[in-house]
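# Coordinate analysis (summary)
Residue strings, one per chain:
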Amino acid sequence: DAKTTQPTSMDCAEGRAANLPCNHSTISGNEYVYWYRQIHSQGPQYIIHGLKNNETNEMASLIITEDRKSSTLILPHATLRDTAVYYCIVRDRDTGTASKLTFGTGTRLQVTL
Amino acid sequence: DAGITQSPRHKVTETGTPVTLRCHQTENHRYMYWYRQDPGHGLRLIHYSYGVKDTDKGEVSDGYSVSRSKTEDFLLTLESATSSQTSVYFCATGAGASYNEQFFGPGTRLTVL
């Protein structure tokens, strides 16, 4: 699976959009971009994933550049409860018996009043 | 979210003793995973299962064994616990295709003295 690079930490004011970048310049054509987050002391939580088109769900939007070498997770109206570590993961869909997640150290997002 | 429970939630043990952690799911998910989380390392995969009695090693499997005799239960055993195995352990499950999102349990904090 391709390696990802994320900023170590970011701040965002409550009510504003939080834009979390991720670089994955070695991504291959069969690899998807996944985002998970981990709120303090809890297990990670799936947010969204995509291949090359932009995706949106009730939690967030995912914008993937045309060359697929980077992406941005957008939380449109951040709240204090969105304070967490956000992981960007590139993952191959065709991995045979099981598809494993490879977590890096992620971006620590701090939402402030 | 999938109904995933882990037991015990906290455990303190001594070096050299055997320890078994249990993951129980109520969603009939095919795939189950054990991760450990340590400061500075993110989450790392220990072992995973792609069906009853079908298991395989992850990236940090040394010193650990697993068993899955029923769909709903995935056991992680430390045959002889060492201080380097002090960590937070997370179980995860996955449904349908192997590349679908994973659902994580609440974690078990293990301290080996």
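Refer to the preceding data block for the structure.
Residues numbered from 1 in each chain as written. Chains lettered and ligands numbered in written order. Predicted model: local features only at pLDDT ≥ 70, side-chain atom pairs only at ≥ 80, totals over all residues. Heavy atoms only, no water.

### Some words on the overall build of chain A
The test is simple: For the purposes of this entry, the term helix denotes a DSSP run of H or I that reaches at least four residues, the term strand denotes a run of E that reaches at least two, and both are numbered from the N terminus. Our radius of gyration is a C-alpha quantity, and the globule rule it is checked against amounts to 2.2 Å times the number of residues to the power 0.38. A simple rule labels every residue: compare its accessible area, found with a 1.4 Å probe on the protein chains alone, to the largest value its type can have, and call it buried under 20%, exposed over 50%, or partly exposed in between. Note on contacts: a residue pair qualifies if any of its non-hydrogen atoms lie within 4.5 Å across the two residues. Computed with the Shrake-Rupley method and a 1.4 Å probe, the accessible areas treat only the protein chains shown as cover for residues. Positive: Lys, Arg. Negative: Asp, Glu. His and the chain ends are not part of the count. Note that the charge is assigned to NZ on lysines, CZ on arginines, CG on aspartates and CD on glutamates.
Secondary structure assignment for chain A yields zero helices and nine strands. Each helix and strand of chain A, ordered N terminal to C terminal, gives the series β-β-β-β-β-β-β-β-β. Over its C-alpha trace chain A gives a radius of gyration of 14 Å, about what one expects of a compact globule, namely 13 Å for 113 residues. For chain A, the spread of C-alpha atoms along the three principal axes comes to 45 × 30 × 25 Å. Taking all 113 residues of chain A together, 44% fall into the buried category. Taking contacts inside chain A between residues at least 6 apart in sequence as the whole, the part at least 24 apart equals 57%. Of the roughly 5800 Å² that chain A leaves accessible, carbon and sulfur atoms contribute 47%. Chain A carries 11 positive and 11 negative side-chain charges, and their two centres are separated by 3 Å.

### Description of the sheet that holds strand S6 (residues 61-64) of chain A
To keep things clear, this is the line we draw: Pairing between strands is defined by DSSP: at least two bridges between them are needed.
As summarised here, the arrangement of the four strands in space is S2-S7-S6-S5 (chain A), forming an open sheet in which the pairing is antiparallel. At either end of the open sheet lies a strand with only one pairing partner, and these are strand S2 (18-23) and strand S5 (55-56) of chain A.

### Points about the interface of chain A and chain B
Our working rule: A quick way to say it: buried area is the sum, across both parts, of accessible area lost when two parts are put together, with a 1.4 Å probe. What makes a salt bridge here is a side-chain nitrogen of Lys or Arg within 4 Å of a carboxyl oxygen of Asp or Glu, nothing more. Polar contact is defined as a pair of N or O atoms within 3.5 Å, subject to the rule that within protein one atom must be able to donate a hydrogen and the other to accept it, and that residues adjacent in sequence are counted only when both atoms are side-chain atoms. In this classification, Asp, Glu, Lys and Arg are treated as charged, Ala, Val, Leu, Ile, Met, Phe, Trp, Tyr, Cys and Pro as nonpolar, and every other residue, Gly included, as polar.
Facing 21 residues of chain A, the contacting portion of chain B comprises 20 residues. Taking both sides of the interface into account, the surface hidden between chain A and chain B amounts to around 1700 Å²; carbon and sulfur atoms contribute 53%. The interface formed by chain A and chain B holds zero salt bridges in total. Along the contact surface separating chain A from chain B lie three residue pairs in polar contact (both at pLDDT 80 or more). Elements with a minimum of two residues in the side of chain A that touches chain B: strand S3 (31-38) and strand S8 (84-92) of chain A. The biggest single contributor to the side of chain A that touches chain B is S3 of chain A, with three residues. Here the side of chain A that touches chain B is composed, by residue class, of eight nonpolar, 10 polar and three charged.

### With respect to the sheet that holds strand S7 (residues 64-70) of chain B
All names here are of chain B. What counts, and what does not: Here an angle of 0 to 180 degrees is reported between the N-to-C directions of two axes, which are lines fitted to C-alpha atoms, with helices fitted over the stretch in contact.
What the four strands build is an open sheet, ordered S1-S3-S8-S7; its pairing is antiparallel. Each edge of the open sheet is held by one strand with a lone partner, namely strand S1 (4-7) and S7. Direction aside, neighbouring strands of the sheet carry axes that sit 20° apart on average. Note that strand S3 (residues 19-25) and strand S8 (residues 73-78) share six bridges and pair antiparallel. Paired with His24 across the bridge in S8 is Asp73.

### Comments concerning the state of the cysteines
Put simply, the test is: When the sulfur atoms of two cysteines come within 2.5 Å, that pair is taken as a disulfide.
Counted according to the given criterion, the structure contains two disulfides over all chains. In this model Cys22 of chain A forms its disulfide with Cys88 of chain A; the gap between the sulfur atoms is 2.1 Å. Negative torsions about the S-S bond denote left-handed disulfides, and the value of about -80° found for Cys22 of chain A with Cys88 of chain A makes this one left-handed. Here Cys22 of chain A is found in strand S2, whereas its partner Cys88 of chain A is found in strand S8, with 66 residues between them in sequence. A sulfur-sulfur separation of 1.9 Å characterises the disulfide bridge that pairs Cys23 of chain B with Cys91 of chain B. On the sign convention where negative is left-handed, the bridge of Cys23 of chain B and Cys91 of chain B, at about -70° about the S-S bond, is left-handed. Taken together, the residues span a long stretch of sequence, with Cys23 of chain B in strand S3 and Cys91 of chain B in strand S9 (residues 87-94) at a distance of 68 residues.

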